[in-house]
Amino acid sequence: MKNDIISLLPESVANQIAAGEVVQRPASAVKELLENAIDASATEIKLLIKDAGRSLIQVIDNGKGMSETDARICFERHATSKLHKAEDLFAIRTLGFRGEALASIAAIAQVELKTRRIENEVGTEVVIEGSVFKSQSPCSCPTGTSISVKNLFFNTPARRNFLKADITEFNHILEEFNRIALVNKDISFHFFNQGKEVYHLYKSILKHRIASLFGQAQNEKLVVLEQKSEVVDIYGFISKPEAAKKTRGEQYFFVNNRYIRHPYYHHAVESAFRELIPENYYPGYFIFLEVDPSSLDVNIHPTKTEVKFLNDKTIYSILNSTVKMSLGKFSLMPSLDFDHEPSFDYTPIRKDEVIRPPQIKINPDYNPFTSSKSIPADPLKFRQKPANQQNWEKLYEDTQKPLIPENPNFPAETDDKEFKNDRILFQLKNQYILCSVKSGLMIINQQRAHERVLYERHMQKIEAKEVLSQQLLFPQEVMLNKQDAGLIYEIKEELINAGICIENSIYHDDAFIITGVPAGSEEVNPVILVEEILEVFKNETFKQASGYSKFALALSKSLALKPGTVLKEEEMNNLIDELFSCSLPEQSPEGKRIISMMSLEDIGELFK
Ligand code: ADP
Ligand code: MG
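(A) Here's a closer look at the overall build of the protein. Along the backbone of the protein there are 18 helices and 20 strands. Within the protein, buried positions represent 50% of all 608 residues. In the protein, the share of contacts with a sequence separation of at least 24, taken over all contacts with a separation of at least 6, comes to 69%. Summing over all exposed atoms, the protein offers an accessible surface of approximately 31600 Å²; the carbon and sulfur share of this is 53%.

Structural data, given as structure tokens:
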């Protein structure tokens with residue numbers, strides 16, 4: 001009997017396994033093929049997509065092409081022309097070097113490659129399907145390479161079924177395309193989806209490339225960033241604070257011309273903007289860092305976007321001050337305010353200081369919408385104990401201090417006399433309402449409180465199908481990026497049901513005219529409303545939420561009082577009354593804390 005149980009995996013199986021790592025979705029194949037074209041010194045690249053890359057991804061370049069032999073070998077695993085010996089690893093200038101992409105793609109798709117080098121008169125055509133070599137023959141074709149990848153995942157149904165809706169997969173492709181197009185502004189790109197042109201980008205300077213990708217309106221909203229130093233050279237653009245958006249979309253870091261994700265540097269940029277833009281708004285940025293390649297972790301996986309830097313902390317502080325300086329130079333910083341809150345103070349980073357990105361605690365089970373069904377129709381019933389009390393208790397159980405004092409029903413069961421008639425209210429910095437209560441000091445975030453009130457109001461209306469649309473006197477135009485425009489088309493029906501009338505502009509696929517908003521919300525800025533809606537629909541947290549609650553959330557966020565709104569005592573009183581007649585007065589519709597308590601003991605502690 002044979003005792004040995006170990007055998008080598010057949011090459012095709014090994015390739016399929018590797019493919020799982022390299023090609024998670026159509027967008028990963030797009031990225032690999034575009035990068036190969038760039039590595040081949042192409043100056044013009046054409047990308048054609050069908051069915052979000054499921055049925056076709058084709059990349060045509062005018063790069064250096066391949067010889068007859070190379071055209072066949074390139075599909076072997078570890079076949080690369082970019083790395084010959086271990087030392088080369090330290091001097092890598094190309095995007096790929098592991099020789100895995102083509103082997104992986106060919107393992108899970110039907111691939112046709114046509115390629116010709118300038119020195120050859122005829123080109124060569126190779127067909128390969130699921131790692132099985134089908135044919136190679138001479139062909140006539142222009143210099144360069146054309147690769148078509150058909151029926152991706154045709155032999156791996158599990159992966160195919162794992163793919164998301166077309167719009168999602170297409171957005172991933174767009175995102176990869178954006179990242180590559182931003183870095184390679186000297187290359188002209190022509191991108192077609194279902195035979196329709198998405199982008200035609202000509203060789204240009206960075207600012208123009210940004211505008212071609214994200215809309216001409218971007219142009220005036222960008223501030224240049226430039227700083228050279230020993231550890232890092234910084235170049236790029238940041239958006240002016242007034243152009244900050246409700247969505248995180250347009251934030252890009254590149255290091256040595258490679259896109260990276262870097263939460264720590266992201267924090268460096270965002271914190272430089274902190275006092276200049278409202279909470280929940282995000283600045284756009286396109287920042288290119290140039291560092292000595294030896295100060296980067298060379299062992300980075302080519303498909304991963306995480307990168308380790310040697311001089312992390314130094315780069316953080318240089319980046320932070322460069323952004324501040326640029327904002328200041330364009331006199332965008334507010335004048336010195338001696339009365340500002342100490343917590344907003346910018347403390348310069350000392351040389352050896354350890355800087356940590358902020359830790360955010362998230363309750364993965366929390367769903368802010370589980371409550372939406374429980375809003376009683378009879379407002380009198382609001383004073384009952386909220387049905388999903390456990391939910392908010394759970395939300396806060398890992399914070400050190402209890403949010404609400406001993407009595408979980410607070411303040412519904414608080415002695416009304418003490419709480420209401422003799423309410424002593426004070427508005428702090430036009431952002432918080434301070435209120436003296438039996439057990440100490442209650443601090444209410446006025447914006448979030450208002451969001452909660454509006455949310456429940458809109459939810460009731462939408463559920464009762466009482467939403468009417470109010471035509472706008474002056475229809476407003478909004479220009480969106482491709483991703484957002486696609487989303488609007490997807491949810492058009494729902495938008496109309498929620499009272500938002502929006503039409504496609506005849507001049508541009510990605511421009512829309514808002515002609516009506518839900519009645520009762522005329523004071524909303526329709527553009528901000530649409531941005532809010534997009535953000536809520538894109539946000540993974542609210543994925544499970546009903547369309548209704550998403551609209552109610554977007555409406556409440558765009559209509560809510562903004563920090564800085566002065567409230568009269570009567571208005572504060574009304575807001576508090578309304579808040580406590582909500583079913584969930586403790587949390588904003590997004591699940592953020594509305595009320596904070598400082599008990600008398602806490603206050604006593606301050607004086608010890
Ligand atoms: P890598 O890019 O890591 O070297 P790939 O599997 O992506 O590995 O490609 C294998 C090889 O095929 C490359 O090293 C290159 O020599 C060749 N190749 C791939 N795409 C092209 C292209 N568009 N033009 C010219 N050569 C290409
Ligand atoms: Mg490659």
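(B) Region of the structure containing helix α13 (residues 482-490). All of the buried residues along α13 are Asp484, Ala485, Gly486, Leu487 and Ile488. Residues of α13 that are buried make contact with α6 (166-183), α14 (492-497), β18 (501-504), β19 (511-518) and α15 (526-538). Where α13 begins, the side chain of Asn481 points an oxygen toward the backbone nitrogen of Gln483, at a separation of 3.2 Å.

(C) Broad picture of the side chain of Ser204. Structurally, Ser204 is set in the loop between β8 (196-201) and α7 (206-214). Residue class for Ser204 comes out buried when judged on its relative accessible area of 19%. Sequence-distant contacts of Ser204, defined by excluding residues within four places in its chain, comprise Lys185, Asp186 and Arg209.

(D) Examining the packing of aromatic side chains more closely. Here the structure, examined in full by the defined rule, presents 19 aromatic pairs. With a centroid separation of 5.6 Å and 5° between ring planes, the pair formed by Phe177 and Tyr199 is classed as stacked. Taken together, the residues Phe177 in helix α6 and Tyr199 in strand β8 connect sequence positions 22 residues apart. Across the pair, exposure class does not vary: Phe177 and Tyr199 are buried alike. Aromatic pair Phe214 and Phe286: ring centres 5.4 Å apart, planes at 45°, arrangement tilted. Pair noted here: Phe214 is in helix α7 and Phe286 is in strand β13 (residues 285-290), with a separation of 72 residues, a long-range link. Here the two residues Phe214 and Phe286 agree in accessibility, since each one is buried. By the ring-pair criterion, three or more aromatic residues cluster together here, those being Phe214, Tyr252, Phe254, Tyr259, Phe286 and Phe288. Over the aromatic face of Tyr199 sits the side chain of Lys482, whose NZ or CZ is 5.5 Å from the ring centroid.

(E) Unusual backbone geometry, seen in detail. Although it is not a glycine, Ser41 sits at a positive phi angle of roughly 60°. With phi around 50°, Asp51 is a residue other than glycine that occupies positive phi space. Mapping Asp51 onto the fold places it in the loop between β1 (44-50) and β2 (56-61). On the basis of relative accessible area, Asp51 is assigned to the partly exposed category, the value being 32%.

(F) Molecular detail of the site of ligand 1. In the vicinity of ligand 1 lie 19 residues, with Asn36, Thr80, Ser81, Lys82 and Gly99 positioned nearest. Ala101 is positioned with one of its backbone polar atoms (N or O) 3.3 Å from an oxygen atom of ligand 1. Within the contact set of ligand 1, a nitrogen atom lies 3.2 Å away from a side-chain nitrogen or oxygen of Thr145. Calculation on ligand 1 without its partners gives an accessible area of 540 Å², and the protein chains cover 92% of this total. A class-by-class count of the residues in the shell around ligand 1 yields 8 nonpolar, 7 polar and 4 charged.

(G) The arrangement of the pattern of salt bridges in detail. Within this structure, the stated rule accounts for 18 salt bridges. Put simply, Asp166 and Arg54 hold a salt bridge, and the shortest N to O gap is 2.7 Å. With Asp166 in helix α6 and Arg54 in the loop between β1 and β2, this residue pair connects regions lying 112 residues apart in the sequence. Given the relative accessible area of 26%, Arg54 is considered partly exposed. The salt bridge involving Arg179 is made with Glu176; its shortest N-O contact spans 3.8 Å.

(H) Quick peek at the sheet that holds β19. The strand order across the open sheet formed by 3 strands is β17-β19-β18, and the pairing between neighbours is antiparallel. Sheet topology places β17 (469-479) and β18 at the edges, where each strand pairs with a single neighbour. With strand direction ignored, the average angle separating the axes of adjacent strands in the sheet is 20°. The pairing of β18 with β19 spans 4 bridges and is antiparallel. Within β19, the residue paired with Ile502 across the bridge is Ile514.

(I) How the structure looks around the environment of Asn36. Along the chain, the position of Asn36 falls in helix α2 (residues 26-39). Since its relative accessible area comes to 24%, Asn36 is described here as partly exposed.

(J) Inspection of the environment of Ile128 at higher detail. Take Ile128: it is sitting in strand β4 (residues 123-129). Considering only alpha carbons, one finds Ile128 and Arg72, 56 residues apart in sequence, at a separation of 9.3 Å.

(K) Region of interest: the sheet that holds strand β20 (residues 595-599). The strand order across the open sheet formed by 4 strands is β14-β15-β16-β20, and the pairing between neighbours is antiparallel. One side of each edge strand has no neighbouring strand; the edge strands of this open sheet are β14 (425-428) and β20. Averaged over all pairs of adjacent strands, the angle between their axes in this sheet comes to 25°, without regard to strand direction. Summarising the sheet, β14 and strand β15 (residues 432-437) pair through 4 bridges and their orientation is antiparallel. Opposite Leu425, over in β15, you have Cys435 as the bridge partner. Against the sheet, helix α12 (residues 446-463) engages β14, β15 and β16 (440-445), with an angle of about 65° to β16. Sheet contacts for helix α17 (residues 569-580): β14, β15, β16 and β20; angle to β14, the most-contacted strand, approximately 100°.

(L) Looking closely at the packing of α2 against α6. It is at 8 Å that the axes of α2 and α6 come closest, and there the two elements cross at 25°. What the angle tells us is that α2 and α6 run roughly parallel. The element α2 and its partner α6 pack so that their crossing is right-handed. Counting all contacts with α2, which are made through Pro26, Ala27, Val30, Lys31, Leu34, Glu35 and Ile38, the residues of α6 involved are Glu169, His172, Ile173, Glu176, Phe177 and Ile180.

(M) Geometry of the confidence of the model for the protein. The predicted model of the protein has a mean per-residue pLDDT of 79, with 81% of residues at 70 or higher. Low pLDDT, under 50, characterises residues 331-353; the stretch is placed with 22 contacts to residues that sit more than four places away or in other chains. Of the regions scoring below 50 in pLDDT, residues 357-420 engages in 100 contacts with residues more than four places distant in sequence or in other chains.

(N) Focus on the nonpolar core. Core analysis: the biggest nonpolar cluster contains 60 residues, and Phe177 and Phe191 have the highest contact counts within it. The leading source of residues in this core is α6, at 8 residues. Once you skip the residues sitting within four places of it in the chain, Phe177 turns out to touch Leu34, Leu47, Phe189, Phe191, Tyr199, Leu201 and Leu213. Counting residues in each nonpolar core, the second largest holds 35 residues, with Tyr455, Ala498, Ala554 and Ala560 among its members.

What counts and how
Residues numbered from 1 in each chain as written. Chains lettered and ligands numbered in written order. Predicted model: local features only at pLDDT ≥ 70, side-chain atom pairs only at ≥ 80, totals over all residues. Heavy atoms only, no water. Helix = DSSP H or I, 4+ residues; strand = E, 2+ residues; numbered from the N terminus. Buried < 20%, exposed > 50% of the residue type's maximum accessible area, 1.4 Å probe, protein only. Contact = heavy atoms within 4.5 Å. Areas by Shrake-Rupley, 256 points an atom, 1.4 Å probe, with all protein chains shown as cover. Polar contact = N/O pair within 3.5 Å; in protein donor to acceptor, adjacent residues only side chain to side chain. Phe/Tyr/Trp six-rings, centres within 6.5 Å; stacked < 30°, edge-to-face > 60°. Lys NZ or Arg CZ within 6 Å of the ring centre and 35° of its normal. Near = heavy atom within 4 Å. Nonpolar A, V, L, I, M, F, W, Y, C, P; charged D, E, K, R; others polar. Salt bridge = Lys/Arg side-chain N within 4 Å of Asp/Glu carboxyl O. Pairing = 2+ DSSP bridges. Axes fitted to C-alpha atoms, helices over the stretch in contact; angles between N-to-C directions. Parallel < 35°, antiparallel > 145°, perpendicular 65-115°, else oblique. Left-handed = near helix turned anticlockwise from the far one by under 90°. pLDDT = per-residue confidence, 0-100. Core = buried A, V, L, I, M, F, W, Y, C linked by side-chain atoms within 4.5 Å.

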